[in-house]
Amino acid sequence: LGTQDASLIIGRPVAALIHPDDRDVVAAGLRSLSEQGSAVAVRMVSLDGRSIDVELTVLPFGALGDNSFMIEAHDISDVKHAAEELHDREQRLQGILDTVGEGIITADDRALIQTFNPAAARIFGYTAEEVIGRNLKELMPVPYHAEHDGYLTNYQHTGQGKILGIGREALGRRKDGSVFPLDINVAELRRGEQRLFIGIVRDITERKRVEEALRQARYELEARVEERTRDLQRLSRQNDQILNSASEGIMGLDVAGLITFVNPSAAEMSGWRVEELIGRRAEDVLLHVPAAGEGGAYCQARQLSDGARETTELTLWRRDGTNFPVEFALAPIEEAGLPVGAVVVFRDITDRKRTEEKLRLASAVFETTAEAIIVMDPSFRVTTVNPAFTAITGYEAREVIGRPPPFLRSAPPDRDLHDEIWSSVRGVGRWDYEQWSNRKSGEEYAERLSVTATTDDAGRIGQYVVVFSDITQRKLDEERISYQANYDSLTELPNRALFMDRLAQALSGAERSAQRVGLMFLDLDGFKLVNDTLGHDIGDDLLQEAAVRLKDCVRTGDTVARLGGDEFTIIMPNLGDMRNAPIIAQRMIDALEKPFLLKTHEAFVSASIGIAAYPEDATDANSLLKNADAAMYRAKEQGKANYQFFTADLNAQVSERLLIKNGLSKALERGEFMLYYQPKCELATGRLTGVEALLRWRSKDMGMVSPVKFIPVMEETGLIGQVGEWALEVACNQHRLWRDAGYPHMRVAVNLSVRQLRAPDLPQTVEDILCRTGIDASGLELEITESMIMKDTENAVAVLRRLSDMGIHLAMDDFGTGYSSLSYLKLFPLHTIKIDRSFINDIATDPDDLEIIRTIISMGHSLRRRIVAEGVETEEQRVLLRKLRCDEMQGYLLSPPVPAAQIDAMLASLRHAAEV
């Protein structure tokens, strides 16, 4: 009542301490309230004018006369405040409500139950599902029903009144029909016109039993004063029993803070035995060390002197050194108005603290996480957003609360995301989605959303929780990676992967609609020359310009793709008449024959095009591509700069070429390659001067394969370099064998490929082979063709000079079929010129061929080069060449290419003839 001076209160009417609006409660007199036997809720007024919500209990106090009463007033302000705050915190405190020990029930203004927490379920014996929606009076004994209905009717008509059991004790009825006493406090919440009542229910069976015991003790004390000592002892035993059975910890303290008594629950919580605590200072054994001094001062100076009853929280220490939080209350004990001690009641609130910590952690995560979070009600209206939402979308919370979230407004018009979310959440527990959306500024961004829902005990969705993040960069990276995976970075045309995918789609569509699909395989003639002479940068510029020209030549819906290098393909879906294909092919040939102006250079190329069609030439993508490729090679064979259709006879060639290509990949590993040797001899003496090593392949699957067939495939696949190095080493080993057998003059000639000549490490490779085989450089001759050195003159001259300086003989093969320029013969360090067999064939019948050979021999001798005639097959040819002073000959007249053993036999035979 706001004073420490009791004299200010003594003598005043009790009604004067009651709020004017509640004085009707005490108007009937204290005896009437005493006979009522239960607490009543009223508002008292302190001396300083404050209104205090209390529960009044009036008991007769016969010790002072029949008209004496004891009034207990219990402050219930906290209960009312809790009820008023419950509305705002009902969602966040749901987890706490489920863990508190008091039963919590909410009902609407029709007394229909809305909420029924687990504690209420334990008290009444019902599950929440069994009582939600049922009338509150069903939790009361039948005699209370009429009174309840009267209060409810009065409230619904006037908006005022009390629901049965508000702020007082009442009786409850369990599911099994048993009746028990309740302590119930009810608060009213308003949401506009809607009213909600929250009741906090506590089973006070134990308390009533204690109260009954106390009342019985008082009655016996008044009736049998003479037996006071015995009654007090009996009452003490009862109190001990109560203390021992209470779940809360209870301790008695004297004014010095020493423990005078302690119940088993308090000892169990602290880890001490009861006898170990008696007589010790509470702050020494139980209070948290930093608060010990404060605790002693608090107990002695404040609570004991003020005589106030307070509930607060402290941390207590167990015997093992661990601590635990408690909620405790301290009640002073006085004798003759002086403090003599106190009773402390405390409860372990570890579980509650954990729940609160979880709530704080969840709140911190909600506020600080980088992912945006939206909370929606069941109608998909925003109720809460976190700061990350504003950071990502640009929308402030006030701009979206109460409205549908932005991601729903950004959804495609043909999708009902409401139904999708509801169905997915109900079915699998969550809904995930990615889409492009717009920030408040209008900037587009990509978002990934995940939606889950919270439900009540009945399975009803209470709210949706949306978590989403900005995945714009990831989407852009995916698009970039997808583009890189499907498009050629140089020409920006579809690459092989995308081309094959589109071709498969085109064939699938053509099969359904019975249409024709055309496929062109295009190769740029002369591109390698441009690339090698003008540089790769110019070559890249040419490819880019060629791609632009090709796209201008095709129809809408056609696909131009780059497979690699200078190879392009064109898919023509719905081709219709095959006569349409040549029109497009010729348009491409004409476009590519125009000069390419590349920086300061002008370049010229042409196109060889192969054409295949579905379904005539193939019914699957790989076969169709293979056949178009074969037709393209036919176009090259026909002189380039033209187009050719795939024909049936090409199919066998394609199959054979594929078989050769597959066989070559393992031929070297399997040891299927071998060298044959074709001898050369001096025309004047007939003496053998050396051999030309020629590569042969005996395939495990195909037998002997003609070099005309497999050499071009090896050059195309790049295998020629590896096999050429192998052949060079085998030839050098063979020369060493002949040298050791007494034939050091048997020089071995080996043909170089274009790839070998262009390799910058060719001289070093040759030198290493000479070292490994142990032969002199003069025993090796390397043959090249005119076309090889004409493609890269500067590099060829440098490489050939290094080889010549090593002492290796160099020969120009197939002379006369290329440029045959004296300036080139003079430029290159050649030792031998080999006249091509095409001039030798008709030397005896064609005067022109005879004169050409005469000129070549004369020209070669003037440049100090030895002349070798290839392909000599008749004695007449040999005689004429000898007359023309040709130095050496090679051909079937002397010997076809044979294994080394047959050359051994020839050498032995010639030696024997010479000895005879």
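These figures come from a predicted structure and were not determined experimentally. (Residues numbered from 1 in each chain as written. Predicted model: local features only at pLDDT ≥ 70, side-chain atom pairs only at ≥ 80, totals over all residues. Heavy atoms only, no water.)

Peer 1: What should I look at first to understand helix H19 (residues 496–513) in this one?
Peer 2: Side chains three or four residues apart in an α-helix point the same way, a direct result of the helix having 3.6 residues per turn. Look at H19: 25 Å from first C-alpha to last across 18 residues, which is about the 26 Å you get at 1.5 Å a residue. Three or more residues of H19 are buried, namely Leu498, Phe499, Leu503, Ala506, Leu507 and Ala510. Looking at the buried residues of H19, the elements they touch are helix H18 (472–486), strand E19 (517–525), strand E20 (559–564), strand E21 (567–572), strand E24 (606–614) and helix H23 (621–637). Capping the start of H19 is the job of one residue whose side-chain oxygen sits 3.2 Å from the backbone nitrogen of Ala497: Asn495. Ala514 sits one or two positions beyond H19 and adopts a positive phi of about 55°. (Helix = DSSP H or I, 4+ residues; strand = E, 2+ residues; numbered from the N terminus. Expected span 1.5 Å × (residues − 1). Buried < 20%, exposed > 50% of the residue type's maximum accessible area, 1.4 Å probe, protein only. Contact = heavy atoms within 4.5 Å. Polar contact = N/O pair within 3.5 Å; in protein donor to acceptor, adjacent residues only side chain to side chain.)

Peer 1: Would you explain the packing of aromatic side chains in this entry?
Peer 2: What characterises a pair of aromatic rings is the spacing of the ring centres plus the angle enclosed by the ring planes. In total, this model carries 11 aromatic pairs according to the counting rule given. Considering the side-chain rings of Phe673 and Trp726, the 6.2 Å spacing of their centres and the 50° angle between planes classify their relative orientation as tilted. Of this pair, Phe673 sits in strand E26 (residues 673–682) while Trp726 sits in helix H26 (residues 719–740), placing them 53 residues apart in sequence. Taken together, the aromatic side chains of Phe673, Trp697, Phe710 and Trp726 make up a single cluster linked through ring pairs. Its guanidinium or amino end placed over the ring of Phe180, Arg174 lies 3.9 Å from that ring's centre, counting from NZ or CZ. The ring of Phe596 carries Arg549 above its face, with NZ or CZ at 3.7 Å from the centroid. (Phe/Tyr/Trp six-rings, centres within 6.5 Å; stacked < 30°, edge-to-face > 60°. Lys NZ or Arg CZ within 6 Å of the ring centre and 35° of its normal.)

Peer 1: Looking at this structure, I do not really get the sheet that holds strand E14 (residues 372–376). What am I missing?
Peer 2: Backbone-to-backbone hydrogen bonds pair the strands of a sheet. The strands run either parallel or antiparallel. Spatially, E15-E14-E18-E17-E16 is the arrangement adopted by the five strands of the open sheet, whose pairing is antiparallel. Since the sheet does not close on itself, it has two edges, and those belong to strand E15 (382–385) and strand E16 (431–438), each with one partner. On average, each strand axis in the sheet is tilted by 25° relative to the strand beside it, whichever way the strands run. (Pairing = 2+ DSSP bridges. Axes fitted to C-alpha atoms, helices over the stretch in contact; angles between N-to-C directions.)

Peer 1: Any chance you could explain the pairing of strand E10 (residues 259–262) here in plain terms?
Peer 2: It is a general feature of regular strands that their side chains alternate between the two faces of the sheet. Examined bridge by bridge, strand E9 (residues 249–254) and E10 share three bridges and lie antiparallel to one another. Paired with Gly252 across the strands is Phe261, a residue of E10.

Peer 1: I tried to follow the environment of Arg882 on my own but got confused; where do I start?
Peer 2: Mapped onto the elements of the fold, Arg882 is located in helix H34 (residues 875–883). For the pair Arg882 and Leu683, spaced 199 residues apart in the sequence, the C-alpha separation amounts to 5.8 Å. Residue contacts for Arg882: discarding those within four places in its chain leaves Leu683 and Ala684.

Peer 1: Teacher, can you tell me more about the sheet that holds E24 here?
Peer 2: The mixed open sheet is built from five strands, whose spatial order is E20-E21-E19-E24-E25. A strand with exactly one partner marks an edge of an open sheet, and here the two such strands are E20 and strand E25 (643–645). Sheet twist, expressed as the mean angle between neighbouring strand axes with direction ignored, is 20°. Bridge count between E19 and E21: six bridges; the pairing is antiparallel. When the sheet's bridge partners are listed, Asp523 is paired in E21 with Glu567.

Peer 1: So what exactly am I meant to see when it comes to the environment of Arg202 here?
Peer 2: Residue placement: Arg202 occurs in strand E8 (residues 194–203). Judged by relative accessible area, which is 38%, Arg202 ranks as partly exposed. Spatially, the C-alpha atom of Arg202 lies 8.9 Å from that of Ile104, the residues being 98 residues apart in sequence.

Peer 1: It is not clear to me how the pattern of salt bridges should be interpreted in this structure. Could you clarify?
Peer 2: Once their charged atoms are close, side chains differing in charge can pair, the charge on each being opposite to the other. This structure, assessed with the given rule, holds 46 salt bridges. Its salt-bridge partner being Arg670, residue Glu672 comes within 3.7 Å of it at the nearest N-O pair. The partner of Arg878 in a salt bridge is Glu875, with the nearest N and O atoms 2.3 Å apart. Here Arg878 and its partner Glu875 are both found in helix H34, three residues apart, which amounts to about one turn of the helix. What makes Glu875 partly exposed here is its relative accessible area of 40%. One salt-bridge network, held together by shared partners, links Arg273, Glu275, Glu276 and Arg319. (Salt bridge = Lys/Arg side-chain N within 4 Å of Asp/Glu carboxyl O.)

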